[in-house]
2 protein chains.
Amino acid sequence: MRLAVLKERRPAETRVAATPETVKKFTALGLSVAIEAGAGLSAGIPDAEYTAAGAELAPDAAAALQGAAVVLKVRAPLAAGEGEADELSLIPRGALMLGQLQATPEMASAYAKAGIDAGAMELLPRITRAQSMDILSSQANLAGYRAVIEAASAFDRGFPMLMTAAGTIPAANVFIMGAGVAGLQAIATARRLGGRVSATDVRPAAKEEIKSLGASFVGYEDEESKAAQTAGGYAKQLSANFYAKQAEVVATHIAKQDIVITTALVQGRKAPTLVTAEMVRSMKPGSVIVDIASDAGGNVALTKPGEVVTTDNGVTILGHSNWPGRIPAAASALYARNLLTFLITFWDKEAKAPKLPESDEIVKGVLLTRGGAVIHPSLAPAQAA
Amino acid sequence: MRLAVLKERRPAETRVAATPETVKKFTALGLSVAIEAGAGLSAGIPDAEYTAAGAELAPDAAAALQGAAVVLKVRAPLAAGEGEADELSLIPRGALMLGQLQATPEMASAYAKAGIDAGAMELLPRITRAQSMDILSSQANLAGYRAVIEAASAFDRGFPMLMTAAGTIPAANVFIMGAGVAGLQAIATARRLGGRVSATDVRPAAKEEIKSLGASFVGYEDEESKAAQTAGGYAKQLSANFYAKQAEVVATHIAKQDIVITTALVQGRKAPTLVTAEMVRSMKPGSVIVDIASDAGGNVALTKPGEVVTTDNGVTILGHSNWPGRIPAAASALYARNLLTFLITFWDKEAKAPKLPESDEIVKGVLLTRGGAVIHPSLAPAQAA
């Protein structure tokens, strides 16, 4: 059975869905692995490392996909007219495809039409058994690290307090907004670097997590915020009233910050605006804002997704796309392991093939299509009454 | 008495020789301070902060220098034909000028001809009393910090070991070459960030300093290296034989590194080549080399001073000019304090003017010219026998 890994072609995508490490493991399962030439280059993996791990090198996407039963992707395959190749049309009917596949009704119906069984890994349920397959979590972790490194790089002072013969340079005030996986890693990294770190999150459980990492907690609290968490652990959408009060507390705090890192995502929606234009204007020249939520529209009113902006009052806003893709070797290593774990979990050793039981909670969570039909509960056409 | 601060005009220069903090102190000494408009912008200091501190804003260099008795600079003033302004000709005869002034015979004679008393702060003797005026030390400290931040930013993995649900990403192997002020700060910063840090230096005393910061020591040692330090604490030039043996030890080590930061400067000479092209070729794709010595020609054979290079085997070499200038607010803050301390040390309270006794060791060390003549011992014309 053949497993294919393509070069990612979407803009700003630098990651790759398999590494030499996972190729070895796939081979051990009995799969033959085809890698499109150059697939790992932007993640620092030369073709030779894949072949040394047992993969066959395919000159292009068509050759890699020829006869493939499993296809690993980072992002959704390009469809006709979307770019240099119509990847979708090259994927064999009946293949299982795994990746961050954009689980919209349109995409799902395109996968169904192409006869691909599409597993959208971003829909993985947040249960203990699925943790090691969780691409959102592994990638958010690296985005949080990366945000701090890029903030430090864009900043015109240092993070730690520097005591020198010429006197002391104070530590940078760093404020992390949103203490999910990305936010917690950002707190940890900013603390490592010696910043004076504070953080906020609307989920009540986050306060203790923030404090346990040595940062101070900043935020408005009321009855509503005490229930502001979904069962899956993601932040819930709250009322306009709550956001206004939280914004008031935050506004006073932000004016004193050197670095602000925003990480607030609400699953499946546009990111909430946490930092208004007025708040940005209250900051000192040289301050830096990193908006990890830029791909979802951004948490900062002045963010231009995909761009770096410097405001009139000298505040730099980093709104880069694809934060995990900015640390591509590490991001690919973890992403590839997430997919490997999924396949190993659903691997039928005797048939030497993946086996996805319809009743399994993880399968139900991620599988958009099967046998040419959209089957995901959130996307399937309504049943006749 | 008037003190003037100019906007720096040399390429890649982002720093400024005075900050609002030092302006206040100069004013308290009885000086009136003129700042050229825009002088602090690239260091994150708007004009309004200078005026709030008591400075007068001058529209251009000529206006700032009009009647000035003290002139503070970061880099040597531009002479005729060197750039957009002939700053040198605008400095009043008899003025005291302090900065990193390029103490060559040509420059010194230009200063003498212009009737400027020029204090080249980079020549400050390395004595305890002068520590708080030491611009080389304060700027090297920040260069060392900045080198690590930029290395982390150019690297496609993380510095710390990251333990995630998807498994572990190992810590980066970071190797610091040269454990002077810059190297020691680079060690400390790379350790903060969670890297696995090793370091080397040819000065015997450095070994203990490296270890005391928690890094491991790598290097060749023999009788020659045990005496490889000038009285001032700088590295001495050693024999070709020693460098060959050191290079052997280093070559084996470098092949295993993710990050190499080179900081070896020999006072007044071209920087020694510590990393050969062959060593660079032995490194893995994605590795990063930061050459802090780039302005002195570089410690790495493949460094292109002022540029970022990626080699055929995927190693990125950061050869930026002016490393302290890449963290301009902090660098300006310390540099400005260095100059302030110098002026306060040599301030005649009654005359409300600087007084530089010829016999003082610091004055002897830095003063290139006085009353229209080159007086520095290393530059003055030989006396008739």
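This text follows the structure it describes.
What this report covers is the structure whose coordinates are included nearby. Only a predicted model underlies this, so the values are computations on that prediction, with no experimental measurement involved.

1. Regarding empty space enclosed by the protein
Alright, step 1. Taken as a whole and assessed by the stated rule, the structure comprises two cavities of 30 Å³ or more.
Alright, step 2. Considering only enclosed or pocket space, the largest cavity measures out at about 80 Å³ in volume.
Alright, step 3. Every residue lining the largest cavity is counted, 13 residues in all, and those nearest its centre are Asp-201, Val-202, Pro-204, Glu-221 and Ser-225 of chain B.
Alright, step 4. Considering only enclosed or pocket space, the second largest cavity measures out at about 60 Å³ in volume.
Alright, step 5. Surrounding the second largest cavity, Asp-201, Val-202, Arg-203, Pro-204, Lys-207, Phe-217, Tyr-220, Glu-221, Ser-225 and Lys-226 of chain A form its lining.
Alright, step 6. Among the residues forming the lining of the second largest cavity, the class breakdown is four nonpolar, one polar and five charged.

2. Side note on helix α9 (residues 240-254) of chain A
Alright, step 1. Helix length check: α9 of chain A, at 15 residues, gives a terminal C-alpha distance of 20 Å against a target of 21 Å (1.5 Å per residue), a fit within 8%.
Alright, step 2. Those residues of α9 of chain A hidden inside the fold are in contact with β9 (173-177), β10 (196-200), β12 (259-262) and α10 (277-281) of chain A.

3. Things to note about the sheet that holds strand β3 (residues 56-58) of chain B
All names here are of chain B.
Alright, step 1. If you trace the six strands from one edge of the open sheet to the other, you get β3-β2-β1-β4-β5-β6, paired in parallel fashion. Each edge of the sheet is formed by a strand with only one pairing partner; in this case those strands are β3 and β6 (117-120). Neighbour to neighbour, the strand axes of the sheet diverge by 25° on average, direction disregarded.
Alright, step 2. Note that strand β1 (residues 2-5) and strand β4 (residues 70-75) share three bridges and pair parallel. Bridge pairing links Leu-3 to Val-70 in β4.

4. With respect to the relation of the copies chain A and chain B
Alright, step 1. Superposing chain A onto chain B requires a rotation of 180° together with a translation of 0.0 Å along the rotation axis, leaving an RMSD of 0.0 Å. With respect to symmetry, the two chain copies, as superposed, fit the operation of a two-fold axis.
Alright, step 2. A symmetric contact is evident, with 100% of the interface residues of chain A recurring at the interface of chain B.

5. Quick notes on the interface of chain A and chain B
Alright, step 1. Between chain A and chain B, the residue contacts involve 39 residues of the former and 40 residues of the latter.
Alright, step 2. In total, chain A and chain B occlude about 3,200 Å² of area from one another, counting both sides; carbon and sulfur atoms represent 62% of this.
Alright, step 3. Scanning the region where chain A abuts chain B turns up zero salt bridges.
Alright, step 4. Taken together, the links from chain A to chain B amount to 14 residue pairs in polar contact (both at pLDDT 80 or more).

Calculation criteria
- Residues numbered from 1 in each chain as written.
- Chains lettered and ligands numbered in written order.
- Predicted model: local features only at pLDDT ≥ 70, side-chain atom pairs only at ≥ 80, totals over all residues.
- Heavy atoms only, no water.
- 1 Å grid on protein atoms, 1.4 Å probe; cavity = no way out; pocket = protein on both sides within 12 Å on 5 of 7 lines; lining within 4 Å.
- Points joined across faces, edges and corners; volume = space filled by probe spheres on them.
- Nonpolar A, V, L, I, M, F, W, Y, C, P; charged D, E, K, R; others polar.
- Helix = DSSP H or I, 4+ residues; strand = E, 2+ residues; numbered from the N terminus.
- Expected span 1.5 Å × (residues − 1).
- Contact = heavy atoms within 4.5 Å.
- Pairing = 2+ DSSP bridges.
- Axes fitted to C-alpha atoms, helices over the stretch in contact; angles between N-to-C directions.
- Least-squares fit on C-alpha atoms with pLDDT ≥ 70 in both.
- Buried area = accessible area lost by both parts, 1.4 Å probe.
- Salt bridge = Lys/Arg side-chain N within 4 Å of Asp/Glu carboxyl O.
- Polar contact = N/O pair within 3.5 Å; in protein donor to acceptor, adjacent residues only side chain to side chain.

Just geometry here; none of it tells us what the structure is for.
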